[in-house]
Amino acid sequence: ALDSFGGGFCVQAFVAFWFHQKFGVSDATLGGIFFGSNLLAGLSALAAVPIARRCGLINTMVWTHLPSSVLLMLVPLMPTLGAAVVVFWLRNSISQMDVPTRQSYINAVVPPATRSAANGVTTTAKQLGTAVAPLIAAPLLSSVALMSLPFWICGGAKITYDLLLWRAFRRVK
């Protein structure tokens, strides 16, 4: 829920709005930016498999997600559209490696009879976390002085989640 709460501060619509407000990006350019970012995010999920085999599920979740969050926090600090897009794409190239590894880890540590319930609880917690954040993030986007804050809140929440997850489960095989 904490990870998804953080992610709710940077849902695609808010990031598109931010790119438009900060750099005057056209709708067509936004389409290209998000085509690239979603393609890279999808590829990152596939890349998680060989990394997890080598490093383990928890390490792959945490040590790819941490730099992803830092990169997201750097996006609003970029002085040009090109730099912001490159950092955003770099972020998305590693942003989804935690998804298949988390699902695999849950299924590995939970007895077969309770896997459906465990996955259901996890998915529900994620949806609830994502649902709440836009209520807080949207008003921030209406202020030029605060419109970068959702990136930092998102990254900070995700980093906190990663460190707590690693601390709690790094020794649970």
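Scope of this entry: the structure provided in the associated data block.

Criteria and cut-off values
- Residues numbered from 1 in each chain as written.
- Predicted model: local features only at pLDDT ≥ 70, side-chain atom pairs only at ≥ 80, totals over all residues.
- Heavy atoms only, no water.
- Helix = DSSP H or I, 4+ residues; strand = E, 2+ residues; numbered from the N terminus.
- Contact = heavy atoms within 4.5 Å.
- Buried < 20%, exposed > 50% of the residue type's maximum accessible area, 1.4 Å probe, protein only.
- Core = buried A, V, L, I, M, F, W, Y, C linked by side-chain atoms within 4.5 Å.

**Focus: the environment of Gln-96**
Residue position: Gln-96 is located in the loop between helix H5 (81–92) and helix H6 (98–109). When the C-alpha positions of Gln-96 and Val-49 are compared, they lie 11 Å apart, and in sequence the two are 47 residues distant. Gln-96 has contacts with Ala-41, Ser-44 and Ala-45, leaving out every residue within four places of it along the chain.

**Considerations on the side chain of Ser-148**
Note on placement: Ser-148 falls in the loop between helix H7 (115–141) and helix H8 (149–169). Take Ser-148: its relative accessible area is 14%, and that puts it in the buried class. Apart from the residues lying within four places of it in its own chain, the contact partners of Ser-148 are Trp-18 and Pro-76.

**What about the nonpolar core?**
The biggest cluster of nonpolar side chains holds 25 residues, and the ones touching the most others in it are Val-15, Phe-19, Ile-33, Phe-34, Val-75, Phe-88 and Phe-151. For this core, the secondary-structure elements that each account for two or more residues are helix H2 (12–23), helix H3 (27–55), helix H4 (57–74), H5, H7 and H8. A per-element tally of this core places H2 first, with 5 residues. Other than its neighbours up to four places away in sequence, Phe-151 contacts Cys-10, Val-15, Trp-18, Leu-72, Met-73, Val-75 and Pro-76. Met-61, Leu-66, Tyr-105 and Leu-165 belong to the second largest nonpolar core, which has 8 residues in total.

This is a description of form; function is not addressed.
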